[in-house]
Amino acid sequence: MVSSSYSNLLDLASGESPSFERMSCHLPRVVTTPGIIPDLEESSDDASASSSDESCPSPHNRTIIVANQLPIRVSRRPDGRGWMFSWDQDSLLLQLKDSIGGRTDMSFIYVGCLREEIPISDQDEVAQILLETFKCVPAFLPPDLLSRFYHGFCKQQLWPLFHYMLPLSPDLGGRFDRNLWQAYVSVNKIFADKILEVINPDDDFVWVHDYHLMVLPTFLRKRFNRVKLGFFLHSPFPSSEIYKTLPVREELLRSLLNSDLIGFHTFDYARHFLSCCSRMLGLTYESKRGYIGLEYYGRTVSIKILPVGIHMGQLKSVLSLPETEVKVTELIKQFRDQGRIMLLGVDDMDIFKGISLKLLAFEQLLVQHLEWRGRVVLVQIANPARGRGKDVKEVQNESYAMVKRINEAFGQPGYKPVVLIDQPLQFYERMAYYVVAESCLLTAVRDGMNLIPYEYIIARQGNDKLDKVLGLSPSTPKKSMLVVSEFVGCSPSLSGAIRVNPWNIDAVADAMDSALEMAEQEKQLRHEKHYKYVSTHDVGYWANSFLQDLERTCRDHDRRRSWGIGFGLSFRVVALDLNFRKLSIENIVSAYRRSTTRAILLDYDGTLMPQASIDKSASPESIEILNSLCRDRNNMVFLVSAKSREKLSDWFSLCKNIGIAAEHGYFLRLRKDAEWETCVPVADCSWKQIAEPVMKLYTETTDGSTIENKETALVWCYEDADPDFGSCQAKELLDHLESVLANEPVSVKSGPNYVEVKPQGVSKGLVAERLLSTMTERGLIPNFVLCIGDDRSDEDMFEVISTSISGPSLAPEAEVFACTVGKKPSKAKYYLDDTAEVVRLMQGLATVSDQALGSSHPPALF
């Protein structure tokens, strides 16, 4: 039976607005009935604040680690009565806990699924045991839902796409199936409800792992606006050209952006994510003091780039086991004592690990280098695939056929060139193979991180007991050789490895030969370099670094007001300064009525006129509103714009009494019949002869860019260019112009989709200063000031009028309203949502003026 909350999930996955009912004040410690999910509360700050009283208590700096699977091994008791549980020592989640377990200020609790299906009758007991004994909260999923979630959406759609496989046909990756997507969302919701059972939102950190739970941040952020939330993606993130084929691309991006910190293994993966945010959501990122951040509705989402490491303690412990020593002795007899040199491959049996490419390259090595026949053996350990399907069977069949062909072509009595091990090995057995192998080969065509080379390096370092088995003296320098695909996440950090393109069979064969032929001293130097990096950048270093950055990113949560907007998976949180609030039209109209001397400064493009409009000329409605305001002799209305004075004069030719400031305030006139003045001394524009040819060069090489030549400024616009290329070109142009114009009296600035060169000292702030000073000189002290703008250039006006509050240019009782358009960080104290609200506000003020004009005729200000 499907519960009502479960049905809401399906509505949410379909993009429909869900109806959330209020949750009970006292949550059960563990909810175990499959499919029955507690409904979420409203997503407000008040809900977030009150929830901490209802949540279970937790120590300071507790981290809730959330992943698809718990680090727990489960098995039935021999008598069939009950279950046995133990830690999974191979789990990365457990390793990160162990590696930083020495921190007394940090504790952990885990949320995830078990590998075994637990009958409903046992779920309560199992959940209680896991919580009390292991601090684990299990999420029990119905078998059908689990299959559609994991083997369906995760493994058939996300996993192939993130590994660059497009669903060009039903046989190549899974075609998008909305039923599977709904299952994915449903499971993420179940995980969110499990977290709600144990979280203390004021103190706890939440760390979500991997692509199985990419929409979980939205559910958590909706419930707790200030949740301290990190996400780490352990798989590759594809380029925007691949990712944008996903029908739910924006939902996943927006969900990830509800995290405070997003981690990736390599810069390439992070760069692809940032490119997707730029191309699909219009977001730009900045790098400040080494940290990369995305501004998302007033929140800074930090990007972390750091590859995961291995657990040094665990590997050293396994190397010291007697079983490992015995296995190493056995392998030495099998290979080295027989005059064989071992090349080792350890891979999952799936389509992306490149096992067949490795076999082809090894075959090429034996064809081209006769001297290695009978001497070199490729041992390929093929772990069972994590997914299932036709492609897995095809890889298995192809691998078996190639191994058979190579062994038949190059085998000799007592010599098999390829040894394929397709049975699961104990960890100590795998470590023993590492110890004996002369070189480790990793030829995956796409892989997230892959720690096999790291394990190999630590195993080759060995210990005293293994040195004796290998016949090495304690002073003998260790050596290792790696052949690593350049498409694997660990490749950038292994600078001493021989990097290869796995698709180039000849190059991989040559790399194998180089690994065998390389001088001993060179192998030793490469090993020493790798061991130093791997041993210091272990899983503890990775986890500590991520959690420290998460704590740093979340520090300003309490210093901002936040509230949720949007429905379904488009939900996001707006976070703004505590003093920043929406401008109340009723309040400002009331202040407008009370005042007698008013100064009104309005930006045009993006304030009175939507930024996206192609026709920028003023509408009849805007003209009528401005004329009504200007007819009121208590008002001084100024239009402040970056547009040229010719355009503004033409567009507002019907407004006789309006003041206009053009080109950011360089040109200014108080009314239509007044002469144009300049706010700064007349500029020498000879610098244009230097700047314009440079801009033309970038215009010719950047499709979609244009140059706007104003009287005193030059603007290079790239609004219609490719966003990534345009942004890249803009940075180059900015540096180029700053260099060639270094000795000119101009400033070079960049903004959203433009680079501008204008005379030094020109800003909209000068217009505000000029207006207030002119009114003061004429004995007119404003007791009402309204300033509205939408972009960075308007911040100068906001700053001037805000700092003038306590000065002589304003009346002591003056009411000042600095207002930006859109919810975003600003020096203004107020905001309106969009240009439509601005027009409604101005219409309201114009109506008051029209009413006043009908009853009285005050003297003109100017």
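Report on the accompanying structure. None of the values given here were measured: they were computed from a predicted structure.

## Here's the deal with the overall build of the chain
In step 1: Each helix and strand counted, the chain has 28 helices and 32 strands in total.
In step 2: Seen through its C-alpha atoms, the chain measures out along the principal axes to roughly 110 × 65 × 50 Å.
In step 3: Scored against the burial criterion, the 862 residues of the chain give a buried share of 56%.
In step 4: Residue pairs in contact within the chain that sit at least 24 positions apart in sequence constitute 72% of those at least 6 positions apart.
In step 5: Entry remark: accessible area of the chain is about 36200 Å², with carbon and sulfur atoms responsible for 50%.

## Here we look at the sheet that holds strand β15 (residues 439–442)
In step 1: The 6 strands are arranged β14-β13-β12-β15-β16-β17 in an open sheet whose pairing can be described as parallel. With partners counted over all chains shown, the strands left at the sheet margins are β14 (418–421) and β17 (498–500), one partner each. Ignoring which end each strand starts from, the neighbouring axes of this sheet average 20° apart.
In step 2: When β15 meets strand β16 (residues 482–485), the two strands line up parallel, connected through 3 bridges. Bridge pairing in β16 places leucine 441 opposite valine 483.
In step 3: On top of the sheet, helix α16 (residues 452–461) reaches β12 (341–348), β15 and β16; it is set at about 175° to β15, its chief contact.

## Digging into the nonpolar core
In step 1: Counting 185 residues, the largest nonpolar core has Val66, Tyr184, Val206, Phe237, Leu252, Leu257 and Phe273 as the members making the most contacts within it.
In step 2: Per-element accounting of this core gives the leading share, 11 residues, to helix α6 (residues 178–196).
In step 3: Other than its neighbours up to four places away in sequence, tyrosine 184 contacts Phe149, Phe153, Cys154, Leu158, Tyr211, His212, Leu213, Met214, Val215 and Leu252.
In step 4: Grouped together as the second largest cluster of nonpolar side chains are 44 residues, Leu583, Val589, Val637 and Met842 included.

## A word on the packing of aromatic side chains
In step 1: Across all of its chains, the model carries 29 aromatic pairs by this definition.
In step 2: The interplanar angle of 70° and the centroid separation of 6.3 Å between the aromatic rings of tyrosine 434 and tyrosine 456 together place this pair among those described as edge-to-face. With a gap of 22 residues between them, tyrosine 434 in helix α15 (residues 427–436) and tyrosine 456 in helix α16 connect regions that are remote in the sequence.
In step 3: Look at tyrosine 434 and you get buried, because its relative accessible area is 0%.

## Comments concerning the pairing of β15
In step 1: Here β15 shows no split at all, with Ser439 and Leu441 on one side and Cys440 and Leu442 on the other all buried.
In step 2: Sheet analysis places β12 next to β15, joined by 2 bridges and oriented parallel. When the sheet's bridge partners are listed, leucine 344 is paired in β15 with cysteine 440.

## Some points on the sheet that holds strand β22 (residues 635–640)
In step 1: The strand order across the open sheet built from 9 strands is β20-β32-β31-β30-β21-β22-β23-β24-β25, with neighbouring strands paired in mixed fashion. Of all strands in the sheet, those bounded by a partner on one side alone are β20 (581–582) and β25 (677–678).
In step 2: Where strand β31 (residues 815–821) lies against strand β32 (residues 830–832), 3 bridges are found, and the strand directions are parallel. When the bridges of β32 are listed, valine 821 appears paired with leucine 832.

## Thoughts on the pattern of salt bridges
In step 1: Within this structure, the stated rule accounts for 44 salt bridges.
In step 2: Here lysine 358 ties to aspartate 347 by a salt bridge, and the two come within 2.6 Å at their closest N and O atoms. Of this pair, lysine 358 sits in helix α13 (residues 355–368) while aspartate 347 sits in strand β12, and the two are 11 residues apart along the sequence. Here the two residues lysine 358 and aspartate 347 agree in accessibility, since each one is buried.
In step 3: One continuous salt-bridge network, built from bridges that share partners, spans Arg73, Asp88, Asp90 and Arg115.

## So, the packing of helix α11 (residues 312–319) against α15
In step 1: Viewed as axis vectors pointing N to C, α11 and α15 meet at an angle of 85°, and their least axial separation amounts to 9 Å. In terms of their interaxial angle, α11 and α15 are classed as roughly perpendicular. Within the contact between the two elements, α11 uses Gln314, Leu315, Val318 and Leu319 and α15 uses Phe427, Tyr428, Met431 and Val435.
In step 2: The residue inventory of the contact of α11 with α15, partitioned by class, reads 7 nonpolar, 1 polar and no charged.

## What to know about the packing of α15 against α16
A packed helix pair is summarised by two numbers, namely the angle formed by the two axes and the spacing between the axes.
In step 1: It is at 8 Å that the axes of α15 and α16 come closest, and there the two elements cross at 70°. Classified by the angle their axes make, α15 and α16 are roughly perpendicular. Of the residues in α16, those in contact with Phe427, Arg430, Met431, Tyr434, Val435 and Val436 of α15 are Ile452, Glu455, Tyr456, Ala459 and Arg460.
In step 2: In the contact of α15 with α16, the residues fall into 8 nonpolar, no polar and 3 charged.

## Concerning unusual backbone geometry
In step 1: The backbone of lysine 135 sits at a positive phi, close to 55°, despite the residue not being glycine.
In step 2: Here lysine 135 is to be found in the loop between α4 (120–134) and β5 (136–138).
In step 3: By relative accessible area, which is 46% here, lysine 135 ends up partly exposed.
In step 4: Notably, glutamate 663 is not glycine yet its phi reads approximately 50°, a positive angle.
In step 5: With respect to the secondary-structure elements, glutamate 663 resides in the loop between β23 (659–662) and β24 (667–669).
In step 6: Residue classification places glutamate 663 among the buried positions, given a relative accessible area of 3%.

## A few points about the environment of lysine 135
In step 1: Here the alpha-carbon distance between lysine 135 and cysteine 717, two residues 582 residues apart in the chain, equals 56 Å.
In step 2: Setting aside chain neighbours within four positions, we find lysine 135 in contact with Phe108, Ile109, Tyr110 and Leu130.

## Quick look at α4
In step 1: Compared with the 21 Å implied by 1.5 Å per residue over 15 residues, the 20 Å span of α4 between its first and last C-alpha is a close match.
In step 2: Looking at the buried positions of α4, the neighbouring elements they touch are β2 (72–76), β3 (83–87), β4 (107–113) and β5.
In step 3: Phi turns positive, to about 55°, at lysine 135, one or two residues after α4.

## Quick notes on helix α7 (residues 216–223)
In step 1: Among the 8 residues that make up α7, 8 are buried, leaving the element largely enclosed by the rest of the structure.
In step 2: All of the buried residues in α7 are Leu216, Pro217, Thr218, Phe219, Leu220, Arg221, Lys222 and Arg223.

Parameters and conventions
- Throughout, residues of each chain are indexed from 1 in the direction in which the sequence is written.
- Selection of residues for local features in this predicted model requires a pLDDT of at least 70, selection of side-chain atom pairs for listing and counting requires 80 or more, and totals for whole chains, interfaces and linings are taken over all residues.
- The side-chain quantities take in all heavy atoms of the structure and omit both hydrogens and water.
- The way it works is that DSSP assigns letters per residue, a run of H or I at least four long becomes a helix, a run of E at least two long becomes a strand, and they are numbered from the N terminus.
- Only protein chains enter the calculation, and the probe is 1.4 Å; a residue is then buried if its accessible area is under 20% of its type maximum, exposed if over 50%, and partly exposed in between.
- Any two residues whose heavy atoms approach within 4.5 Å at even a single point are treated as in contact.
- Accessible surface is estimated by sampling points in the Shrake-Rupley manner with a 1.4 Å probe; for residues, cover comes only from the protein chains shown.
- Pairing between two strands is assigned when DSSP locates at least 2 bridges connecting them.
- Angles run from 0 to 180 degrees between N-to-C directions of axes, and those axes are lines fitted to C-alpha atoms, restricted for helices to the stretch in contact.
- Grouping buried Ala, Val, Leu, Ile, Met, Phe, Trp, Tyr and Cys residues that are joined through side-chain atoms within 4.5 Å yields what is termed a nonpolar core.
- Under the pairing criterion, centres of Phe, Tyr and Trp rings, with the six-membered ring standing for Trp, must be within 6.5 Å; the plane angle then separates stacked pairs below 30 degrees from edge-to-face pairs above 60, leaving the rest tilted.
- A pair is scored as a salt bridge if a Lys or Arg side-chain nitrogen falls within 4 Å of a carboxyl oxygen belonging to Asp or Glu.
- An angle below 35 degrees is treated as roughly parallel, one above 145 as roughly antiparallel, one from 65 to 115 as roughly perpendicular, and anything else as oblique.
- Under the grouping applied here, Gly and all other residues not named as nonpolar or charged are polar, the nonpolar ones being Ala, Val, Leu, Ile, Met, Phe, Trp, Tyr, Cys and Pro and the charged ones Asp, Glu, Lys and Arg.
- Expected span of a helix, by definition, is 1.5 Å for each gap between consecutive residues, and there is one gap fewer than residues.

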